[in-house]
Amino acid sequence: MSDLESNKEFTLDPDNWDDVRNLGHQMLDDMFDFLQSVRDRPVWVPITDEMKQNLEEPLPTSPQDRVQIYKEFKDKVLPYGTGQIHPRFWGWVNGTGSVFGMLAEMLAAGMNTNTGGREHMPKYFEHQVLSWAKEMMEFPADASATLTSGCSMANLIALTVARNLKAGVDIRKEGLQNLPKNLIYYTSTAMHSSIQKALEIIGIGSNQLRVLDVDANYNLKLDLLESAIESDLANNQLPICVIANVGTVNTGAVDNLIGIREIADRYNLWMHIDGAFGAIANLSPKYKHLVANMNLADSLAFDFHKWMYMPYTVACVIIKKHDDHLNSFSLRPAYLAEATRGLASGGRWPTEYGIQLSRTFYALKVWFMLKENGMEKYGQLITQNIEQARYMQKLISSNNKLEQLAPVYLNVVCFRYTDPNLPDSQLNELNEELLIQLQENGLAAPSNTTINGKFALRMAITNHRSRYEDFDFTVNKIIELGDKLIHEKR
Ligand SMILES: *Cc1c(COP(=O)(O)O)cnc(C)c1O
């Protein structure tokens, strides 16, 4: 008998709303407890093979009990995240999220608005948030902007606009098939990998990205930029874009933006800034001078989910000239056509400013957290993180077992445990083991990088939960572990 004949109809809504309501309240309470007690747990817990195997099971065929499903999540997943919500997590560049941000995510998921297009209030929330973003970064109010999944996507969008505008042919029609000259982009060795990936994806190819050396402060060398452009022109190539870094991923350095703008103007280049986390320093009244003049750029990409502590994922790209942005991405076939009234009205749709069509209600968590904290609180938090980096610098310089490996400019600190009797090769091994033990013991989570051939412990401080005592604790543990490893070697 078919289901139609049996008069049965199906839905995903619960048969018993009270059960789900109770379970939902339990989940919420558990998550509040989880966040409130984060400091008492290890930063990170290693994942055993047994735990991975424990997850393996056949594709579910029949419905399972919700209480049991949630219990499995609580037992098998919840305690074993990356740990970046912990006060002593400073690895890579990760965000801590926030309690109110989590609630916004729940509300956005409940509404389940597809913000790619159509007429609805979430779209206007996004407009409001983008106006605030432009104001925060001191870009003109008539600039264009959009929210993206992350700064990788934000960089990709900006570098595409640069390509389409500067190539000299209609790239959207012609593609890169018949270009008389290769299109050349410029940046420094301090760039983030997302820049190279973007150029690989949009058909430029990494060979056409000139990756130029940096000076002692990890800033792009302007004389090298100029001579590289001259040499490309002499070789019949077409220089089109320079990518400046505000907050390099390795050391937090900030390029000379005035100098780069001046060269970009002279050679008619687009100037893009990858400001993934560094751009947020503009929110600190005390330290905003460290990232001054970002609004000289034609485009700026930055993350909300790193140094603005918002839940993953959300980022932003600002394009100074609105039409440059729109002309690269707007495409409205019949099924997306605009109406003057009804659900398909509402003027420009978010999908006309990026790649995604369907997209989540990114703006709600941004709107919630900007209102919850205001620029005042954000200013205090950003200032605090920068001053924590300077505090780390002091702890390092006052201890002869620690060595600073790169200048501290914003919120990134690179250093290592050191011993005058050990050559670099052995110090590299020792620091690598030290870092792994620090992480495996759940004590603290810096990450690592290599500075001039030296293995560096690297802290990128984008954490609103860190206290000064966390840095004291971590430095003490690093000395303890380093001493122990040296002792074991002897
Ligand atoms: C993290 C980062 C990116 C990429 O941003 P996602 O949000 O991870 O996609 C790009 N540039 C820099 C400097 C970064 O730190």
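Everything quoted here is computed from the prediction, not taken from an experiment.

Novice: Just checking my understanding: could you explain the site of the ligand for this structure?
Specialist: The local shell around the ligand holds 14 residues, among which S152, D274, D303, H305 and K306 are the closest. For the ligand, an oxygen atom lies 2.6 Å from a polar atom in the side chain of S152. Contact between the ligand and K306: an oxygen atom at 2.9 Å from a side-chain N or O atom of the residue. Contact with the protein chains removes 86% of the 380 Å² of surface that the ligand exposes when unbound.

Novice: Teacher, can you tell me more about the side chain of T449 here?
Specialist: One can find T449 in strand β10 (residues 447–451). On the accessibility criterion, T449 (12% relative accessible area) is buried. For T449, the side chain forms a polar contact with the side chain of N250, separated by 2.5 Å. Not counting the four nearest positions on each side in its chain, T449 is found in contact with N250, C414, K454, F455, A456 and R458.

Novice: Mind showing me how you'd approach the pattern of salt bridges here?
Specialist: If the charged atoms of two oppositely charged side chains come close together, the side chains can form a pair. The final tally for this structure, using the stated rule, is 26 salt bridges. We note a salt bridge from D265 to R261, for which the minimum N-O separation is 3.0 Å. You can see D265 and its partner R261 sitting in helix α10 (residues 257–266), 4 residues apart, about one turn around the helix. According to the relative accessible area criterion, D265 is exposed, its value standing at 52%. Residue R261 is classed as buried on the basis of its relative accessible area of 13%. The salt bridge involving E352 is made with R332; its shortest N-O contact spans 2.8 Å. Taken together, the residues E352 in the loop between α11 (322–329) and α12 (362–397) and R332 in the loop between α11 and α12 connect sequence positions 20 residues apart. A cluster of three or more residues bridged by salt bridges with shared partners is formed by R39, R88 and D470.

Novice: It is not clear to me how the packing of helix α4 (residues 99–111) against α12 should be interpreted in this structure. Could you clarify?
Specialist: The packing of two helices is summarised by the inter-axis angle and the distance between the axes. The geometry of α4 relative to α12 is characterised by a closest axis approach of 8 Å and an angle of 145 degrees between their N-to-C directions. α12 is crossed by α4, and the crossing has right-handed handedness. Note on element contacts: α12 touches α4 through L364, K365, F368, M369 and E372, opposite F100, G101, A104, E105, L107 and A108. For the contact of α4 with α12, the class distribution of residues is 7 nonpolar, 1 polar and 3 charged.

Novice: Honestly, a negative patch on the surface in this entry has me stumped. Any pointers?
Specialist: Where like charges cluster on the molecular surface, the negative patch consists of E429, E432, E433 and E440. Residue classification places E432 among the partly exposed positions, given a relative accessible area of 42%.

Novice: What am I meant to see in the sheet that holds strand β3 (residues 209–212) here?
Specialist: Whether parallel or antiparallel, the strands of a sheet pair through hydrogen bonds between backbone atoms. In spatial order, the strands read β1-β7-β6-β5-β4-β2-β3; together these 7 strands make up an open sheet with mixed pairing. Each end of this open sheet is capped by a strand with a single partner; those strands are β1 (144–148) and β3. Averaged over neighbouring strand pairs, the angle between their axes works out to 20 degrees when direction is ignored. Of the strand pairs in this sheet, strand β4 (residues 238–245) and strand β5 (residues 270–274) are connected by 5 bridges, and their pairing is parallel. If you follow C241 over to β5, its bridge partner there is W270. On the sheet, helix α8 (residues 193–201) packs against β2 (183–188), β3, β4 and β5 and is oriented at approximately 160 degrees with respect to β3.

Novice: I'm lost on the sheet that holds strand β8 (residues 402–404) in this one. Help?
Specialist: Taken in spatial order, the 4 strands make up an open sheet running β8-β9-β11-β10, and their pairing is antiparallel. The strands lining the two open edges of the sheet, one partner per strand, are β8 and β10. Neighbouring strand axes in the sheet, compared pairwise and without regard to direction, differ in orientation by 40 degrees on average. Examined bridge by bridge, strand β9 (residues 412–417) and strand β11 (residues 454–460) share 4 bridges and lie antiparallel to one another. By the bridge assignment for β11, F415 is matched with L457.

Novice: Explanation requested: the packing of helix α1 (residues 17–36) against α4 in the structure shown.
Specialist: Direction vectors running N to C along α1 and α4 enclose 155 degrees, while the axes themselves pass 11 Å from each other. Between α1 and α4, the angle falls in the class roughly antiparallel. The way α1 lies across α4 gives a crossing that is right-handed. In this structure, α1 uses L28, M31, F32 and L35 to contact α4, whose residues at the interface are V99, M102, L103 and M106.

Novice: What am I meant to see in helix α9 (residues 222–234) here?
Specialist: In an α-helix, one turn spans 3.6 residues; hence positions three or four apart end up facing the same way. Compared with the 18 Å implied by 1.5 Å per residue over 13 residues, the 18 Å span of α9 between its first and last C-alpha is a close match. Against the buried residues of α9 lie β2, β3, β4 and α10. One or two steps after α9, the chain reaches N236, where phi turns positive at roughly 60 degrees.

Reading the values: rules and limits
Residues numbered from 1 in each chain as written. Predicted model: local features only at pLDDT ≥ 70, side-chain atom pairs only at ≥ 80, totals over all residues. Heavy atoms only, no water. Near = heavy atom within 4 Å. Polar contact = N/O pair within 3.5 Å; in protein donor to acceptor, adjacent residues only side chain to side chain. Areas by Shrake-Rupley, 256 points an atom, 1.4 Å probe, with all protein chains shown as cover. Helix = DSSP H or I, 4+ residues; strand = E, 2+ residues; numbered from the N terminus. Buried < 20%, exposed > 50% of the residue type's maximum accessible area, 1.4 Å probe, protein only. Contact = heavy atoms within 4.5 Å. Salt bridge = Lys/Arg side-chain N within 4 Å of Asp/Glu carboxyl O. Axes fitted to C-alpha atoms, helices over the stretch in contact; angles between N-to-C directions. Left-handed = near helix turned anticlockwise from the far one by under 90°. Nonpolar A, V, L, I, M, F, W, Y, C, P; charged D, E, K, R; others polar. Patch = residues over 30% accessible without salt bridge, like charges linked within 9 Å, V, L, I, M, F, W, Y side chains within 5 Å. Lys, Arg positive; Asp, Glu negative; His and termini not counted. Charge placed at Lys NZ, Arg CZ, Asp CG, Glu CD. Pairing = 2+ DSSP bridges. Parallel < 35°, antiparallel > 145°, perpendicular 65-115°, else oblique. Expected span 1.5 Å × (residues − 1).

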